[in-house]
Amino acid sequence: MCFEAKRLLKLALGPVLMLTSAVALAYGPEVNQVNMAPGATDVGEQIYDLHMLIFWICTIIGLGVFGVMFYSIIYHRKSKGAVASHFHESTKVEIAWTVVPFLILIGMAVPATSTLLEVYDNDDAELDILVTGYQWKWKYEYISEDGENVTFFSNLRTPQSEIRNTQPKGEHYLLEVDEPLVIPVNTKVRFLITANDVIHSWWVPELAVKRDAIPGFINEAWTRVTTEGVYRGQCAELCGKDHGFMPIVVNVVSSEAYGQWLGDKQVEAAAIRELMAQTFTLDQLMERGEGVYARACLACHGANGEGGVGKAIAGSPIATGDVGPHLEIGINGVPGSAMQAFGGQLNDVDMAAVITYQRNAFGNNMGDMIQPIDVYNHKKG
Amino acid sequence: MGDHHHGPAKGLSRWLFTTNHKDIGTMYLWFSFAMFILGGTFAMIIRAELFQPGLQLVEPAFFNQMTTLHGLVMVFGAIMPSFVGLANWLIPMMIGAPDMALPRMNNWSFWILPPTFLLLASTLFMEGGAPAAGWTFYAPLSTTYAGPSVTFFIFCIHVLGLSSIMGSINIIATVMNMRAPGMTYMKMPLFVWTWLITAFLLVAVMPVLAGCVTMMLMDVHFGTSFFSAAGGGDPVLFQHVFWFFGHPEVYIIILPAFGVVSQIIPAFSRKPLFGYDSMVYATASIAFLSFIVWAHHMYTVGMPVAGELFFMYATMLIAVPTGVKVFNWVTTMWRGSLSFETPMLFSIGFLVLFTIGGFTGLMLSIAPSDFQYHDTYFVVAHFHYVMVAGAVFSMSAAIYFWLPKWCGRMYNETMGKTHFWISFVGFNLAFFPQHFVGLAGMPRRIPDYALQFADFNMLSSIGAFIYGLSQILFLYNVIATIVAGKPVSDPKVWDGAEGLEWTIPTPAPYHTFETPPKIDPAHAHS
Ligand code: HEM
Ligand SMILES: [Cu+2]
Ligand SMILES: [Cu+2]
């Protein structure tokens, strides 16, 4: 079972991995970057140009103002015998420095307006993706008219050991996810952005998209990326404890690679749905469960179920007690703790497998199993 | 001095029951300094955690409590009360009034503050910890998803609002009714003008904040859904209400600072303030505009494009009167006879750094660009340039400028200048690099960050520690001055100082202007 899942995963990511490693560059902040990135979209470039324009205007005005000021500071000092003159108004000058800035602002407002209108032009998108912010991860749903909707969660991949400084930090520390968003290059992609709990904000600097994800409302934003590559961003609205730990990674690939990826994801989704209806043996569940555990639970519960951020699973009264409470924690989490609700993140097969695994690994020899249908029934209440 | 009058009462009761504007001013100033140290301590914890990537000192949940309390304590505990303290000390002395118009209320508006901040700080020890949704406490993070301490927080905001409103009413009543004969509005020192306008802003927007937190209270405890879409409400409504208060609030913070430097720059330029009238009009236009720009904090919430454009144009417009002010100050210095005592150094520091903050403000006002700046460290840099280098620098300038008048002793000039230079260097080291990391993509309010941002964050933390330490020098200098500074008795203290407060004896007696002074009609404002 586990083998199957792994194969599906490889199948799905293969072309993407190949493509990204072969052609595309990895984008994201550079070390000690000091300025905004022009990014990989036309709108992003326009925004960058606006940014530089207003920056230079400010710099020139600043040089003028500070120049006059420092001239006075140097040449009009009392210690140099400067005698104060007594002028204290001049209508002409005052009108001038009210009107001139006003005109400069109008000059600024024109390009700003046209760029803004473009940012707001959400029409004629070729692809719609529903983006939902959760505490503290993103869910992506590809909305397609024909075929399966593809849905998955995208979680921080950086291990706790790097965050807690017990292991050296990787190159993409905090800016890496288990499953990136994949979109085709040169395609107008529309994001429908919302949230499940509190307000988040979906931001990828080089895609020039930042839009708040607001529970109960759907915001629109769009991008058309002109260069293939891996782009990295982060949640930009304080959303609670792990606000700093919900990055965004977008793989921009060729249309062919995208089509293949999507097809594979749809096959995978169909396969999983088929699996849901099946009954598994304990061995199958254990094999699959081990993989799911390693991916989703190990970071907090330890490789040997010894615990860490989470409680120990080995010998845990929950994992060695009734099935109900164990399923309940797995599906709905423990509110107010780091133990999140995994019900929406793992499909029923994986949930059944990982709970079975926890009950039968690490010396917890309960001998019982949970089938996908049990998970389904528990969710239905 | 009227001899029928007594001096201050003795002991603790002097401070508890006082209705004297000078005593109350002093208490406000000390209190706000204590809050400055407390809020500063929170900031040091934040910067220590951000010294390196990775989590070292605090947990993310506690980190959020620190950023939240830091903002709240600095804005409501340090900056606002410090300027109220200054207003208490100076407004009566500047307009030739014997005291504030409503002295008992004055006592009360101060004394409700310390218990409130004690309560706010005590939430740190409550179950679930202190409020952690940021000083802007957006719903539903601050309502449905908040810990139990949010109720205490709401109560605190109510009391702070009460205190501010009472303080403002007092200032309005004083300025409108108690000016000495001949002190027309257009002769008032600019500090009085800016405070008068600030007081109107406060009276207008504090009730809005009160409404905002009351709606939160209802959502948390009484089952309403103002801010929850599930019940027919709207989380964005919270932001509109909050920023309708919040944007005028930033001008509440900066206008009195404008007033302060408008007194100090002419004094050390030995030349009258350039463009007094336009200063008054600019202040009034800024105040007006501040009511119609609030949604520039919300460019990314998904407003209709027409709204977005309106708020962008209105915000850009604020740069005009702000520019007028900067030009006026610089022109005041032009062809003056300048000297650079500590108050002047801090005022020039203000002028340079506030202008930079104004420029970044202008950049932020451009909505499409703001999509990239919003909620990053670029915004953090912007508002620290205007609030720390603006409000706090001007406050330091004010203390050095008027302290000799208040206590009849001169501070140590070398120490003062050292304080300035260390502050200046520390401040810029702390906040300039934040522009860079913000533009490079570092979001604000995060306890840990990508490796690419590491160097600038380390610099920033070092700068913050330097700035923090320099405040200890300031405290020492002030105490040393009060206890053992070199006595001064010249009423003017500074040769270039103008205004009624410099006509009374030094140190300022407990009661001043019991008989209104004569205003020389030829002699306009300071
Ligand atoms: C030229 C004048 C100014 C302009 C055009 C301006 C513009 C802006 C804009 C557009 C933002 C929102 C940025 C964002 O969140 O994306 C902002 C944020 C902010 N500004 Fe200003 N600003 C100006 C002056 C000031 C002054 C004088 C103060 C206070 C003394 C101030 C304090 C703040 C604060 C506290 C924030 C951040 C609030 C938060 O999100 O926590 N600004 N400013
Ligand atoms: Cu977030
Ligand atoms: Cu604002």
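Residues numbered from 1 in each chain as written. Chains lettered and ligands numbered in written order. Predicted model: local features only at pLDDT ≥ 70, side-chain atom pairs only at ≥ 80, totals over all residues. Heavy atoms only, no water.

Re the packing of aromatic side chains
Right, on to step 1. Under the counting rule described, the total for this entry stands at 70 aromatic pairs over all chains.
Right, on to step 2. Between the aromatic rings of Tyr71(A) and Tyr75(A), the centroid separation amounts to 4.6 Å while the plane-to-plane angle is 40 degrees, which identifies the pairing as tilted. With Tyr71(A) and Tyr75(A) both in helix H2 (residues 42-75) and four residues apart, the pair spans about one turn of that helix.
Right, on to step 3. Exposure remark for Tyr71(A): the relative accessible area of 40% places this residue in the partly exposed category.
Right, on to step 4. Their ring planes at 80 degrees and their centres at 5.4 Å tell us that Phe346(B) and Phe393(B) sit as a pair that is edge-to-face. In this pair, Phe346(B) sits in helix H11 (residues 342-365) while Phe393(B) sits in helix H13 (residues 377-407), placing the two residues 47 residues apart along the sequence. For the pair shown, Phe346(B) and Phe393(B) are each scored as buried.
Right, on to step 5. The ring of Phe87(A) carries the charged tip of Lys271(B) above its face, separated from the ring centre by 3.9 Å. (Phe/Tyr/Trp six-rings, centres within 6.5 Å; stacked < 30°, edge-to-face > 60°. Helix = DSSP H or I, 4+ residues; strand = E, 2+ residues; numbered from the N terminus. Buried < 20%, exposed > 50% of the residue type's maximum accessible area, 1.4 Å probe, protein only. Lys NZ or Arg CZ within 6 Å of the ring centre and 35° of its normal.)

Describing the pairing of strand E8 (residues 209-213) of chain A
On a regular strand, one side chain projects to one face of the sheet and the next to the other, so that they alternate.
Residues and elements named next belong to chain A.
Right, on to step 1. Burial runs high along E8: five of the five residues are buried.
Right, on to step 2. Sheet topology note: the strand E7 (residues 200-204)/E8 ladder contains five bridges and is antiparallel. Note on E8: the bridge partner recorded for His200 is Ala213. (Pairing = 2+ DSSP bridges.)

A look at the coordination of the copper ion (ligand 3)
All names here are of chain B.
Right, on to step 1. Here the copper ion (ligand 3) is held by His247 (ND1), His296 (NE2) and His297 (NE2), and the distances to it run 1.8 to 2.0 Å.
Right, on to step 2. Donor residues binding the copper ion (ligand 3) come from one chain and are separated in sequence as H-x48-H-H.
Right, on to step 3. Taken as an interatomic distance, the gap from the copper ion (ligand 3) to the iron atom of ligand 1 is 4.6 Å. One end of the pair, His247, is in helix H8 (residues 235-269); the other, His297, is in the loop between helix H9 (276-289) and helix H10 (305-333), and 50 residues separate them in sequence. (Donors = N, O, S within 2.8 Å, 3.2 Å for Na, K, Ca; no water.)

Examining the site of ligand 1
Residue and element names in this part refer to chain B.
Right, on to step 1. As a matter of local geometry, ligand 1 sits amid 23 residues, with Trp135, Asp370, His374, His382 and Arg444 nearest to it.
Right, on to step 2. Separating an oxygen atom of ligand 1 from a side-chain N or O atom of Trp135 is a distance of 2.8 Å.
Right, on to step 3. Within the side chain of His374, one N or O atom sits 2.8 Å away from an oxygen atom of ligand 1.
Right, on to step 4. For the shell around ligand 1, the secondary structure elements donating two or more residues are H8, H11 and H13.
Right, on to step 5. With six residues, H11 is the largest single contributor of residues to the shell around ligand 1.
Right, on to step 6. In terms of residue class, the shell around ligand 1 is made up of 12 nonpolar, nine polar and two charged. (Near = heavy atom within 4 Å. Polar contact = N/O pair within 3.5 Å; in protein donor to acceptor, adjacent residues only side chain to side chain. Nonpolar A, V, L, I, M, F, W, Y, C, P; charged D, E, K, R; others polar.)

Description of the sheet that holds strand E2 (residues 127-134) of chain A
As a general point, the strands of a sheet are linked pairwise by backbone hydrogen bonds and lie either parallel or antiparallel.
All names here are of chain A.
Right, on to step 1. Read from one edge of the open sheet, five strands run E4-E3-E2-E6-E9, paired in mixed fashion. Both outer strands of the open sheet, strand E4 (150-154) and strand E9 (219-223), are each paired with one neighbouring strand and no more. Taking the axes of each pair of neighbouring strands and ignoring which way they run, one obtains an average angle of 25 degrees across the sheet.
Right, on to step 2. With seven bridges joining them, E2 and strand E6 (residues 189-195) adopt parallel strand pairing. When the sheet's bridge partners are listed, Leu127 is paired in E6 with Val189. (Axes fitted to C-alpha atoms, helices over the stretch in contact; angles between N-to-C directions.)

Brief notes about the interface of chain A and chain B
Right, on to step 1. Across the contact, 89 residues belong to chain A and 97 residues belong to chain B.
Right, on to step 2. For the pair chain A and chain B, the summed buried area comes to about 8,000 Å², and 69% of that belongs to carbon and sulfur atoms.
Right, on to step 3. The three residues of chain A that bury the most area against chain B are Phe87(A), Trp97(A) and Leu238(A), which together make up 9% of that side's buried surface.
Right, on to step 4. Where chain A packs against chain B, one counts two salt bridges.
Right, on to step 5. Close ionic contact of Asp495(B) with Lys78(A) constitutes a salt bridge, the shortest N to O distance being 3.9 Å.
Right, on to step 6. The interface formed by chain A and chain B includes 26 residue pairs in polar contact (both at pLDDT 80 or more).
Right, on to step 7. Broken down by secondary-structure element, the contributors of at least two residues to the side of chain A that touches chain B are H2, helix H3 (91-119), E8 and strand E10 (229-235) of chain A.
Right, on to step 8. In terms of residues, the side of chain A that touches chain B owes the most to one element, H2(A), which gives 15 residues.
Right, on to step 9. A class-by-class count of the residues in the side of chain A that touches chain B yields 49 nonpolar, 25 polar and 15 charged. (Contact = heavy atoms within 4.5 Å. Buried area = accessible area lost by both parts, 1.4 Å probe. Salt bridge = Lys/Arg side-chain N within 4 Å of Asp/Glu carboxyl O.)

Points about the nonpolar core
Right, on to step 1. Core analysis: the biggest nonpolar cluster contains 256 residues, and Tyr142(A), Trp202(A) and Phe76(B) have the highest contact counts within it.
Right, on to step 2. Among the elements that take part in this core, H13(B) stands out by supplying 22 residues, more than any other.
Right, on to step 3. Per-domain counts for this core show at least three residues from each of domain 1 (13-80 + 88-119) and domain 2 (127-273) of chain A.
Right, on to step 4. With sequence-adjacent residues up to four places away left out, Phe76(B) is seen in contact with Pro81(B), Phe117(B), Ile157(B), Leu160(B), Met206(B), Leu209(B) and Phe245(B). (Core = buried A, V, L, I, M, F, W, Y, C linked by side-chain atoms within 4.5 Å. Domains from an automatic or database assignment.)

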